[in-house]
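Here is how the chains run, residue by residue.
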Amino acid sequence: MLGPMLVRLLPLLVGVTLGTVGCDVDPLGPLQDPPPVLSSRTCYTDDDCVADACCGLGTAVTHADEGPNCRGVSCTSGCPEGSIDCGRCMPICRGDRCAAACQ
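Residues numbered from 1 in each chain as written. Predicted model: local features only at pLDDT ≥ 70, side-chain atom pairs only at ≥ 80, totals over all residues. Heavy atoms only, no water.

Description of the pattern of salt bridges
No. 1: Inspection of every chain in the model, using the stated rule, returns one salt bridge.
No. 2: Residues Arg 41 and Asp 65 are paired through a salt bridge, measuring 3.2 Å at the closest nitrogen-oxygen approach. Of this pair, Arg 41 sits in the loop between helix H1 (2-21) and strand E1 (49-51) while Asp 65 sits in the loop between strand E2 (61-63) and strand E3 (89-94), and the two are 24 residues apart along the sequence.
No. 3: For Arg 41, a relative accessible area of 38% puts it in the partly exposed group.
No. 4: Taking the relative accessible area as the measure of exposure, Asp 65 reaches 55% and is therefore exposed. (Salt bridge = Lys/Arg side-chain N within 4 Å of Asp/Glu carboxyl O. Helix = DSSP H or I, 4+ residues; strand = E, 2+ residues; numbered from the N terminus. Buried < 20%, exposed > 50% of the residue type's maximum accessible area, 1.4 Å probe, protein only.)

A few points about the environment of Gly 56
No. 1: Within the secondary structure, Gly 56 is located in the loop between E1 and E2.
No. 2: Given the relative accessible area of 14%, Gly 56 is considered buried.
No. 3: Residues Gly 56 and Cys 86, 30 residues apart in the sequence, show an inter-C-alpha distance of 8.1 Å.
No. 4: For Gly 56, the contacting residues outside a window of four places in its chain are Ser 83, Ile 84 and Asp 85. (Contact = heavy atoms within 4.5 Å.)

So this is what it looks like as structure tokens:
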């Protein structure tokens, strides 16, 4: 009687064990609050939303019509603390408004 019960419980025990052991901590640490949104303009696609500074260095999200003109700007590989890219966020259009999608 114990044998059939163990056969049914074994997959559950293995799944629970692997599920808790397989969790890892994000090497960049926990994400704080998402970046603020500076614009209330309507967006239609993700391209309508940008960071408030070029090269992903902004600290907020805004509509592209109100954001910086980054044509011709050369970006470096720097990563200031609190910036959109290094903060693991990207500007997106969600619900017709710009927002930040963060990991």
